[in-house]
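Overview (structure and organization)
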Amino acid sequence: MRTTTIQRFILLFLTFALVSFADPYTIKRISDKDFRYEFYTTDKKIDPKLDKTYYWFKGGLIHEAQGGFAGVLLHDKFIKMYHSNQLAEQGQFKEGLRVGLWKTWHANGVLATTLSYFKGLRHGKYFRYNENGTLVENGKFSANLKTGKWTNTETKEITTYKKGVIVKQKEIFTKSEQYRIKQENAKLEKVKETQKELEATSDALKLANYKAKEKEEKALEKERIKKEKERAAAAQKAEKEAEKQAKKAAKEQSKNQPKKDSKVTTFFNNLFKKKDKAPQ
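Not measured: the values here are computed from a predicted model.

Cut-offs used in this document
- Every chain's residues receive numbers from 1 upward, in the order its sequence appears when written.
- It should be noted that, the model being predicted, local features are given only for residues of pLDDT at least 70 and side-chain atom pairs only at 80 or more, the latter also being counted only at that level, while totals for whole chains, interfaces and linings use all residues.
- Computation of side-chain values: all heavy atoms of the structure, hydrogens and water removed.
- The criterion for strand pairing is that DSSP finds at least two bridges linking the strands in question.
- By definition, any uninterrupted DSSP run of H or I lasting at least four residues is a helix, any uninterrupted run of E lasting at least two residues is a strand, and each is numbered from the N terminus.
- By definition, a salt bridge exists where a carboxyl oxygen of Asp or Glu is found within 4 Å of a side-chain nitrogen of Lys or Arg.
- Ring geometry is summarised as follows: Phe, Tyr and Trp rings, the Trp one being its six-membered ring, pair when their centres sit within 6.5 Å, and such pairs are stacked at plane angles under 30 degrees, edge-to-face over 60 and tilted between the two.
- Exposure is judged per residue with a 1.4 Å probe applied to protein chains only, and the accessible area is read against the type maximum: over 50% gives exposed, under 20% gives buried, and values in between give partly exposed.
- Remark: a charge is flagged as sitting over a ring if the NZ atom of Lys or the CZ atom of Arg is within 6 Å of the ring centre and within 35 degrees of the ring normal.
- Exposure above 30% relative accessible area and the absence of a salt bridge qualify a residue for a patch, where like charges join within 9 Å and nonpolar side chains (Val, Leu, Ile, Met, Phe, Trp, Tyr) within 5 Å.
- Computed with a 1.4 Å probe, the accessible areas rest on the Shrake-Rupley method; for each residue, only the protein chains presented here act as cover.
- For this analysis, a polar contact is any N or O atom pair within 3.5 Å, provided that within protein one partner can donate a hydrogen and the other can accept it, and provided that sequence-adjacent residues contribute only side-chain to side-chain pairs.
- Should any heavy atoms of two residues lie within 4.5 Å, those residues are counted as being in contact.

**A word on the pairing of strand E7 (residues 97-105)**
The sheet contact formed by strand E6 (residues 87-94) and E7 spans five bridges and is antiparallel. Considered in E7, the bridge of Gln-90 is made with Lys-103. Hairpin connection of E6 to E7: two residues between the antiparallel strands, including Glu-95 at a positive phi of 55°. Where E7 and strand E8 (residues 111-118) come together, six bridges link them in antiparallel fashion. The partner of Leu-101 across the bridge, within E8, is Ser-116. Between E7 and E8, which pair antiparallel one after the other, the connecting turn spans five residues, and Gly-109 there sits at a positive phi close to 90°.

**Let's talk about the pattern of salt bridges**
For side chains of opposite charge, pairing can occur when their charged atoms come near one another. Applying the stated rule across the entire model yields nine salt bridges. A salt bridge links Arg-224 to Glu-228; its shortest N-O distance comes to 2.6 Å. Of the two residues, Arg-224 and Glu-228 are both situated in helix H2 (residues 175-256); the distance of four residues between them amounts to about one turn of the helix. Via salt bridges that share partners, Lys-80, Glu-89 and Arg-98 belong to a single interconnected network.

**Quick look at the packing of aromatic side chains**
In the structure shown here, the tally under the stated rule is 15 aromatic pairs. Judged by centre distance (5.5 Å) and plane angle (90°), the rings of Phe-78 and Phe-93 are edge-to-face. With Phe-78 in strand E5 (residues 72-82) and Phe-93 in strand E6, this pair connects stretches of sequence that are 15 residues apart. Each of the two residues, Phe-78 as well as Phe-93, counts as buried. Pairwise contacts between aromatic rings join Phe-35, Tyr-37, Phe-39, Tyr-55, Phe-57, Phe-78, Tyr-82, Phe-93, Trp-102 and Tyr-117 into one cluster. Just above the ring of Phe-35 sits the side chain of Lys-80; from NZ or CZ to the centre is 4.5 Å. Taking the ring centre of Trp-102 as reference, the NZ or CZ of Arg-98 above it sits at 4.0 Å.

**Some words on a nonpolar patch on the surface**
A grouping of Val-264, Phe-267 and Phe-268 is seen on the molecular surface, where their side chains present a nonpolar patch of about 310 Å² in accessible area. Locating Phe-268 in the fold gives a position in helix H3 (residues 263-277).

**Some remarks on the side chain of Arg-98**
Within the secondary structure, Arg-98 is located in strand E7. Taking the relative accessible area as the measure of exposure, Arg-98 reaches 14% and is therefore buried. In this structure the side chain of Arg-98 is engaged in a polar contact, spanning 3.4 Å, whose partner is the side chain of Tyr-55. The contacts of Arg-98, once residues within four sequence positions are left out, are Tyr-55, Glu-89, Gln-92, Phe-93, Tyr-117, Phe-118, Lys-119 and Gly-120.

**Focus on unusual backbone geometry**
Non-glycine residue Asn-85 carries a positive phi angle of around 75°. With respect to the helices, strands and loops of the structure, Asn-85 is situated in the loop between E5 and E6. Look at Asn-85 and you get exposed, because its relative accessible area is 55%. With phi around 55°, Ala-143 is a residue other than glycine that occupies positive phi space. For Ala-143, the position within the fold is in the loop between strand E10 (135-142) and strand E11 (145-152).

What follows is the structure, given as structure tokens:
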């Protein structure tokens, strides 16, 4: 009886130990034509933030989207490898968000980039190297935005950012360059002044042409009105002259015609004619 009790105690202890030290997640392994992946997931439900990019696993593939997810979230260690077993990328997730230091490698095993994340946002120093291991670009992120000076050794450019926006740097010129720029600016100002003068002259000519044309049109209109008045006056005069001639002709005609006897004269004439015709 005592032996059975001890065995049970040992079995319970081993079970507790296995549960305590076992990995709470199940590692997943997938691959595509370029890489192999090893990662863990969690089925914990969270409220996604709109400004953050989430990574999840569904249908045998890893997906990513800003502001949401539609599968089990990636959680804990993440490894991506070339099919040659060379490490390609390594980092860590926390409930679907990238956290901590992330690194990538070229296919020849040379470090490619290093970048830190804080709650899914790029935050901290960034370094990028070419396949020979030479530093090509470096700068700093703050809340997922470029900030401060960024240097590119290939293009020999140094760019300053403020909250992701490029800040224009004031250029420093030598005395000879300053003199050259001053002369060029003077030439440009002269060209601008000449152009303005030409434009003003051209505008003045246009204005003069418009005024001359307007004056000519007014003179033509005045002449047209004058001629119309003259034609109307001539027509009126001709009409009056015609009326005058008509009256004169009528008067002449009335003079040549014999005068008609008055009614009294006609009465006595008729009376005398009757008497003359009476029998003797």
